[in-house]
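What the coordinates show
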Amino acid sequence: MKSILEIRGLKASVEDMPILRGIDLTVNAGEVHAIMGPNGSGKSTLASVLAGNEDYEVDGGTVEYLGKDLLEMDVDERAREGVFLAFQYPIELPGVSTMNFLKQAVNSVREHRGQKPLGAAELLRLAKEKAALIELDTRLKQRSVNQGFSGGEKKRNEIFQLAMLEPTLAILDETDSGLDIDALRSVANGVNLLRTQERGFLIITHYQRLLNYIVPDFVHVIAGGRIVRSGDKELALELEKRGYDWVQEELAA
Amino acid sequence: MAELIDHRVEDRFLAAYERYQSLNGTSEPLSDLSKKAIERFAEIGFPARKNESWKYTNITPIIGRTYQMASTARAATKGIAGLTTHVAVFINGRFTPEASQLDQLPPGVSVKSLSATAEHELVQTHLGNYADYTDESFTALNTAFLKDGAVISIESGCKLDHPVHIIHIVANDEATIVQPRTLIHAADHASAQIIQSTEFRGSTSLLMNAVTEIYVGNEAHVDFLDLQVGTPHVSRITNLSVYQKSQSKFESDVFTFGGELTRNNLSILADGENCESLLHGLFMARGNSHIDNNTFVDHAKPNCYSSEYYKGILDHQSVGVFNGKVLVREDAQLINAYQTNRSILLSDTARMYSKPALEIYADDVKCSHGATTGQLDKDGLFYLRSRGIPEEEARRLMLTSFAGDIIEKAPVASLHELLYDHVECMLR
Amino acid sequence: MNTDTQYLHEVAESDYEHGWSTDIVSDTIPKGLNEDVIRLISSKKNDPDWMLENRLRAFRHWEKLAADTDKYPRWAHLQYPEINFDEISYYSAPGSKPRYESLDEVDPELIKTFEALGIPLEEQKVLAGVAVDAVIDSVSVATTFKEELAKLGIIFCSFTEAIENHGDLVRKHMGSVVPHTDNFYAALNAAVFSDGSFCYIPPGVRCPMELSTYFRINQAGTGQFERTLIVAEEGSYVSYLEGCTAPRRDEHQLHAAVVEIIAHKDAEVKYSTIQNWYPGDNEGKGGVFNFVTKRGICEGTGSKISWTQLETGSAITWKYPSVILKGDHSIGEFYSVAFTKGRQQADTGTKMLHIGRNTSSSIISKGISAGRSNNSYRGLVRINKGAENARNFTQCDSMLLGDRCGAHTFPYLEIQNPTAQVEHEATTSKVGEDQMFYCQQRGISEQDAIKLLVSGFCQEILAKLPMEFAVEARKLLAIELEGSVG
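What counts as what
- Residues numbered from 1 in each chain as written.
- Chains lettered and ligands numbered in written order.
- Predicted model: local features only at pLDDT ≥ 70, side-chain atom pairs only at ≥ 80, totals over all residues.
- Heavy atoms only, no water.
- Helix = DSSP H or I, 4+ residues; strand = E, 2+ residues; numbered from the N terminus.
- Contact = heavy atoms within 4.5 Å.
- Areas by Shrake-Rupley, 256 points an atom, 1.4 Å probe, with all protein chains shown as cover.
- Buried < 20%, exposed > 50% of the residue type's maximum accessible area, 1.4 Å probe, protein only.
- Pairing = 2+ DSSP bridges.
- Axes fitted to C-alpha atoms, helices over the stretch in contact; angles between N-to-C directions.
- Parallel < 35°, antiparallel > 145°, perpendicular 65-115°, else oblique.
- Left-handed = near helix turned anticlockwise from the far one by under 90°.
- Polar contact = N/O pair within 3.5 Å; in protein donor to acceptor, adjacent residues only side chain to side chain.
- Buried area = accessible area lost by both parts, 1.4 Å probe.
- Salt bridge = Lys/Arg side-chain N within 4 Å of Asp/Glu carboxyl O.
- Nonpolar A, V, L, I, M, F, W, Y, C, P; charged D, E, K, R; others polar.
- pLDDT = per-residue confidence, 0-100.
- Patch = residues over 30% accessible without salt bridge, like charges linked within 9 Å, V, L, I, M, F, W, Y side chains within 5 Å.
- Lys, Arg positive; Asp, Glu negative; His and termini not counted.
- Charge placed at Lys NZ, Arg CZ, Asp CG, Glu CD.
- 1 Å grid on protein atoms, 1.4 Å probe; cavity = no way out; pocket = protein on both sides within 12 Å on 5 of 7 lines; lining within 4 Å.
- Points joined across faces, edges and corners; volume = space filled by probe spheres on them.

**What about the overall build of chain C?**
Across its full length, chain C carries twelve helices and 23 strands. Residue pairs at least 24 apart in sequence account for 83% of intrachain contacts in chain C once pairs closer than 6 positions are excluded. When the accessible surface of chain C is split by element, carbon and sulfur atoms take 47% of a total near 16800 Å².

**Thoughts on the pairing of strand β13 (residues 287-298) of chain C**
Residue and element names in this part refer to chain C. Taken across its twelve residues, β13 has twelve buried, putting it largely inside the fold. Here strand β10 (residues 252-255) pairs with β13 via four bridges, running parallel. Considered in β13, the bridge of His252 is made with Gly287. Across six bridges, the pairing between strand β11 (residues 258-263) and β13 is parallel. Bridging from a neighbouring strand, Glu260 pairs with Arg295 of β13.

**Section: unusual backbone geometry**
Positive phi values are uncommon outside glycine, yet Asp331(B) reaches one of about 70°. Along the chain, the position of Asp331(B) falls in the loop between β18 (319-328) and β19 (336-345). You will see that Asn358(C), though not glycine, has its phi angle at about 55°, which is positive. On the accessibility criterion, Asn358(C) (32% relative accessible area) is partly exposed.

**Quick notes on the packing of helix α2 (residues 35-44) of chain C against helix α3 (residues 49-67) of chain C**
Residues and elements named next belong to chain C. Two elements in contact, α2 and α3, have axes separated by 10 Å at closest approach and are oriented at 155°. Looking at the two axes, α2 sits roughly antiparallel to α3. Note on packing geometry: the crossing formed by α2 with α3 is right-handed. Along the contact surface, α2 presents Glu35, Ile38, Arg39, Ile41 and Ser42, while α3 presents Leu52, Arg55, Leu56, Phe59 and Arg60.

**A short note on the side chain of Ser314(C)**
All names here are of chain C. With respect to the helices and strands, Ser314 occurs in the loop between β14 (304-311) and β15 (316-319). Taking relative accessible area as the criterion, Ser314 reaches 0% and is therefore assigned buried. A polar side-chain atom of Ser314 sits 2.9 Å from a polar atom in the side chain of Gln275. In this structure, Ser314 is in contact with Gln275, Trp277, Tyr278, Pro279, Val288, Asn290 and Gln344, ignoring residues within four places of it in sequence.

**Some details on the interface of chain A and chain C**
The interface of chain A with chain C comprises 30 residues on the first partner and 18 residues on the second. Summed over both sides, the interface of chain A with chain C buries roughly 2000 Å², with 64% coming from carbon and sulfur. Considering only the side of chain A, the residues that lose the most area to chain C are Phe87(A), Ile91(A) and Gln104(A), jointly responsible for 24% of the buried surface there. For the interface between chain A and chain C, the tally reads one salt bridge. Between Arg442(C) and Glu158(A) there is a salt bridge, and its shortest N-O distance comes to 2.6 Å. Along the contact surface separating chain A from chain C lie eleven residue pairs in polar contact (both at pLDDT 80 or more). If you tally residues by element for the side of chain A that touches chain C, the top one is helix α3 (residues 98-112) of chain A, at six residues. Per-class residue counts for the side of chain A that touches chain C are 18 nonpolar, eight polar and four charged.

**A look at the confidence of the model for chain C**
Low pLDDT marks stretches whose predicted atomic positions should not be read closely. All names here are of chain C. Summing up the model confidence of chain C, the mean pLDDT is 83 and the portion of residues at 70 or higher is 79%. Segment residues 96-101: pLDDT under 50, and eleven contacts once partners within four positions in sequence are set aside and those in other chains are kept. Scored below 50 in pLDDT, residues 120-130 makes 24 contacts in the model with residues more than four places away or belonging to other chains. The complex prediction reports pTM at 0.86, with the ipTM value standing at 0.91.

**Focus: a negative patch on the surface**
All names here are of chain A. Together, Glu15, Asp16, Glu54, Asp55, Glu57, Asp59, Asp74 and Glu77 give the surface a local cluster of negative charge. Mapped onto the elements, Glu54 comes out in the loop between α1 (43-51) and β4 (56-65). The class for Glu54 is exposed, based on a relative accessible area of 67%.

**Quick look at empty space enclosed by the protein**
Unoccupied space between atoms shows up once a probe the size of one water molecule is rolled over them. Residues and elements named next belong to chain B. Tallied over the entire structure, the rule returns eight cavities of 30 Å³ or more. Space inside the largest cavity adds up to approximately 170 Å³. Residue lining of the largest cavity: 13 residues in total, with Tyr20, Asn92, Arg94, Phe145 and Gln179 positioned closest to the centre. Its residues placed into classes, the lining of the largest cavity shows seven nonpolar, three polar and three charged.

In structure tokens:
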């Protein structure tokens, strides 16, 4: 099986406070990995570090992405190489039209892949198709990026962009937080439709709930900046039942 | 035309300086500074209206009068009831130890007269260093006539247990100009609260031209509260110049209630990283009062925070001016600076001029300002009346809470009640 | 961070597209300014006597101001060398023959100039439905669509023609909003102006197309002093567009225009400007000094005047399109994007003078500074004593691209009526880091992300421009933001 992501002993800190204390994780093509853990355990930090957020300092370890050193790449380079982050709190871009934004993003990625840039008509057609996939209100495309969107709309918009950019590695950072059950279902639906043999998913979540809809191949529990337990989807159910204290207690014991 | 008259006014002050010097002699350590200041004053003269920072305040009628220089006098004060403070009394600008209560000052804190400490290193190093007499006419004038004043020193690491209360008593029989001077030096890690208030014993016109310099050392903390209660014959020009070192905190709270003409110049130079500067002001005017708050925050170093909040209530023919400027110098990155001015006009003839300005030369900053002028919120008024509160009462309640925003920020809680009393008095 | 700075340098150094000059024969009078020059200009323009009188009166006033260098306007946040008014030629006309009966008579080089500027004077414009009055150097060279407009009673012609054919209208209104005594440059303009546009919309008429004027300074060592006068009668509507360019010259060129708008009862005038005068090179050499007085009066009840501007050019911009809200229920608007780079300096804003009852005004200003430029908003909101229930809302946002430029905000709020509600808000910041991260995480490069976000920052204003103009404005802004490479 082809490996997409190899994380070895990754350590990272924010403002001199260590958050990740040695993460080891391998994601292969076609796999869905769920990363769970209590608040402050470092799961969102992992997502930010992988995406290249400069607020986080990498203190050690390596990240290999498709055989290349991911940590050496700039944020936009990573994105063009196929790393996509669905933000926990998507950013509003006042005055920037969604279609214009998509055009630039899609064509940057396409150009990098040696594909022809899409014209306006092709892009519109593609956008329409992908929007249907995740039941995105097409009117949102006419607005400025994320501006005035509800929480649910923002999250759907993230998955919509995921669909448009067709990444190799998709990282979903607490995409389920703040979603009502209908939105959760349609977001999960969209993600399931986007699961392919070539693509790997890293799904970061606090609750097991999302995993009822997106069934992971692997579940990892992060606590104190390390992966303390790995298993299959049963682990998520056990966590749901026994809470995070269980993992931490077991660890302490 | 106008220039001719201006010249004559300035000449009067220059002549007075000559007389004053020959009469009082020159105390050596201060005379140098004094001489430089009068020479500078002779050059720049009084500010004209076309001077941007004096655009809305006409001082011609005030400076055109004939004043006597304040002389010595005797008086006593009870201070402010219910307030535990160390009291330093100045009568007509002269430090008067026998009227003061300073025996309980904690170690490392001293309040002394300027004339007695003029030769001290602290005074020599700091006096005239922050209050700019080269550009500000009134500061030049104050510096030129410099005779006495207060020197408050808080040594490194020392903390004042209670505020020092500077009480200026002005007793005059004829039109008088009084020019108090204060130097406050808070060494590194020191902390102090200073309150200043004035009592007027005369009934003829008075021009008070006060200069206060405050040095706030590294990680030091100074609060300065100025309570300005005026009467229609009192005009007041204050110049408060503050210099802040790294990680220091400074807060100014200025309350102006009435008076003929008030001009408060407040300038802060944040010359170290991680400084915090807070500027709060409440001004209430009625009759023909004119109150002008002119502030300048100069961010010279990165990573600092400043927040400015001024509110005004203007009735009758009174005029309010808010003239605030924030400067962020080149390379002073990561500055957060905020500025707000809200005013309410109560009569058809009251006026408000607001000029909040930002001058920014660094890109990684968050700066904003806002200004609003209007009437009382009609919905709020309606709500109160719907609860059975008579309109007049409802208006007073709302105005009091409008003013209360600033009062509640004042650091000396035991003063709040007195401040509310003044607000009520102004609304009556 | 470094690539950031690098890109910003590129932005700051990107080239001026319209910096060529046209090789056309022109009639330029010798440099210098005195009463004889005024008379010469007047005779070249075939002025009626009253116009000559006006010019002389204005000139005498200006002379008095100019004699005392203390009276030069210096309050703006601008630094520039003293202008030597004797080193300027005050009149330059393309060709020896000052006016043209049809486009065929126009020097083909000139037509090329306009085409290169993206001003299709002919077919394309017919399709686009824009009537164009083009002023090159000092003289109006072509006015299209005149006849179609005339059927509706709309007068749209050069100022020279207006003086000749509609003398009474011009005489009545000219100087009524911006008198020659208004300021230094208004006085100069009133003395030496050589052409401009005149527009009259009769009562009840909605002008069916956008009226448009393009200004260009071509001749070296000349100043341009045009006047625009727009009179909108009761219940009428007009949307007016103005565009400006100038060739690259090593010396500074002076542009001192006056625009006057009169809106009668229920009339609405929308005035849009794209100002792209040559800004000078990156060391501050050359460039247009743009000292412009633009003012409209909402004379009648319910009238409305709206200024929208995109300012990207000029070495110095000194410009405050204003509205006098005299009529009850009248509305004034000012929407502005000002972009400065290199060594450009802009001090621009507006004045909203509330006089009538129930008047309202809105001000939205977006300033973007790059390179070593300085960009200031200066705006006055005055609520007069009798202006019951006046409303004003002002929003000024400044953005800094780089750490060697300045962004400043100088609002003046003068409130003399207790029923006023005046709100002013301003912010200064750089492009949001989280926004940059978001864009880049989608594969958009740093440069493109900055462009995208800056355009977004201006979008609110550009959206207020008429459709076709907005497209042009976006293109211009994109060019301005573009690095010099490619």
